[in-house]
Amino acid sequence: MENNKPLGLTPAMGWNSWNTFTWDINEQLIRDVADLFVSEGYKDAGYEYIVIDDCWSLKERDSAGNLVADPAKFPSGMRALADYIHEKGLKFGMYSCVGTHTCAGYPGSFEHEFQDARLFAEWGVDFLKYDYCFKPRHISGELLYKRMSLALKNCGRDILFSACNWGEDNVYQWIRESGAHMYRSTVDIQDHWDSIKKLALSQLDKECYTGSFCHNDLDMLVVGMYGGSNNNFIASQIGGCNDNEYKTHFALWSMMGSPLMIGCDIRKANQATKDILMNKDLIAINQDLEGRGAYRIKPEPQWFHAEDVFMLVKVLSDGDIAVGFFNLSDRQREISLLFWDIGLPYASGTSLSLYDCWEQKEIGVFKERFSPVVPAHDCLVVRAKLV
Ligand code: GLA
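Residues numbered from 1 in each chain as written. Predicted model: local features only at pLDDT ≥ 70, side-chain atom pairs only at ≥ 80, totals over all residues. Heavy atoms only, no water.

A. Region of interest: the site of the ligand. Around the ligand, the surrounding shell consists of W18, D53, D54, Y95, C103, A104, K129, D131, C164, W166, R184 and D188. One of the side-chain nitrogen or oxygen atoms of D53 is found 2.7 Å away from an oxygen atom of the ligand. A distance of 2.5 Å is found between an oxygen atom of the ligand and a side-chain nitrogen or oxygen belonging to D188. Coverage of the ligand by the protein amounts to 92% of the 310 Å² it exposes when considered alone. (Near = heavy atom within 4 Å. Polar contact = N/O pair within 3.5 Å; in protein donor to acceptor, adjacent residues only side chain to side chain. Areas by Shrake-Rupley, 256 points an atom, 1.4 Å probe, with all protein chains shown as cover.)

Next up, the structure:
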């Protein structure tokens, strides 16, 4: 199914090469991912962008100043790869950087912004991730994001602009006006529970800074990696996560309106990984058209719970309410939702009919409160209907 939504309306969904493969990328891998997107159902679930991250080019530009795809990794060239991806009804993403070099030391787009945007358009690129390494000190990052945004908007092709300045320089205050469709707000994720927890907690209370056409990006997903990355930084805390932790990770990113960019090797994905990544109820919450941020409620009694036990509430376009009960702590917890706290007093005479998005079944009808017990590092996500 072709996606005709305006560029950046809902959080981008796709796959990115960095978390698992870093420098070890080539055109066959990208083609394999495109094939699997179609054959395994990722495309039908909503995933569309296939993004090549850092390390795709030669270390020098050519004599005309153009970036050159590394012929050893991409012998057929980027245009051919884009065509392959487009023929499958998918979209093609690439990577560059604000600075003189990318984070891995390849040429960046500084002072080549308009030239590079034209080249990306010629190659058929649909998405550009734009990193923040090697930025010259004399010039502001804000200006350089505005510059590339302008270059992309005038390059003759619709290219989704994915800013990646890791939440620095008060990015929240200027990114929406810059024209970026999504922006990284955090340091790089690691395939480890502590990292997932730290990134999620860092973005609570930032719900007013995300929404349609400019989504807060909590970084690529580590779901299904199980410690298997050739990236020393991402894998530095050995062991990966268990499936419950990956489930909680996916629920947090979905509820918080983050883009959903898969980072594992989907050629090896097991059933548990696929079930998480393609959960249609979680994806529907993430892709809800009104794109509202999720607000946090602390469970009662508030003195008892630390900040790692909370609910996220997201009002959906059809009047339903998504509620995530998150227990990021190390002990089982009861997490009590008082309906009063989401604007539903007892006197309204209204109850909530609850549907469990992970188990994909109705839980029942509740009045006044709902108090599930949630195991450590786990979550429950319900879609609530007023009845
Ligand atoms: C930065 C970004 C990562 C990745 C690498 C590539 O660290 O935050 O997501 O793109 O650069 O070098």
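B. Representation of the side chain of S195. By the element assignment, S195 lies in helix α8 (residues 193-202). For S195, a relative accessible area of 5% translates into the label buried. For S195, the residues in contact, after removing those within four places along its chain, are D188, I189 and Q190. (Helix = DSSP H or I, 4+ residues; strand = E, 2+ residues; numbered from the N terminus. Buried < 20%, exposed > 50% of the residue type's maximum accessible area, 1.4 Å probe, protein only. Contact = heavy atoms within 4.5 Å.)

C. Layout of the sheet that holds strand β9 (residues 295-297). Sheet architecture is open: six strands sit in the order β9-β10-β11-β18-β14-β15, paired in antiparallel fashion. Two strands in the sheet have a free side with no partner beyond their single neighbour: β9 and β15 (361-366). Across the sheet, the mean angle from the axis of one strand to that of its neighbour is 25 degrees, orientation sign disregarded. Pairing of strand β14 (residues 352-356) with strand β18 (residues 378-386), which is carried by five bridges, proceeds in the antiparallel orientation. Note that in β18 the partner of S353 across the bridge is K385. Across the face of the sheet, helix α9 (residues 243-255) comes into contact with β10 (309-315), β11 (321-327) and β18 while running at roughly 40 degrees to β18. (Pairing = 2+ DSSP bridges. Axes fitted to C-alpha atoms, helices over the stretch in contact; angles between N-to-C directions.)

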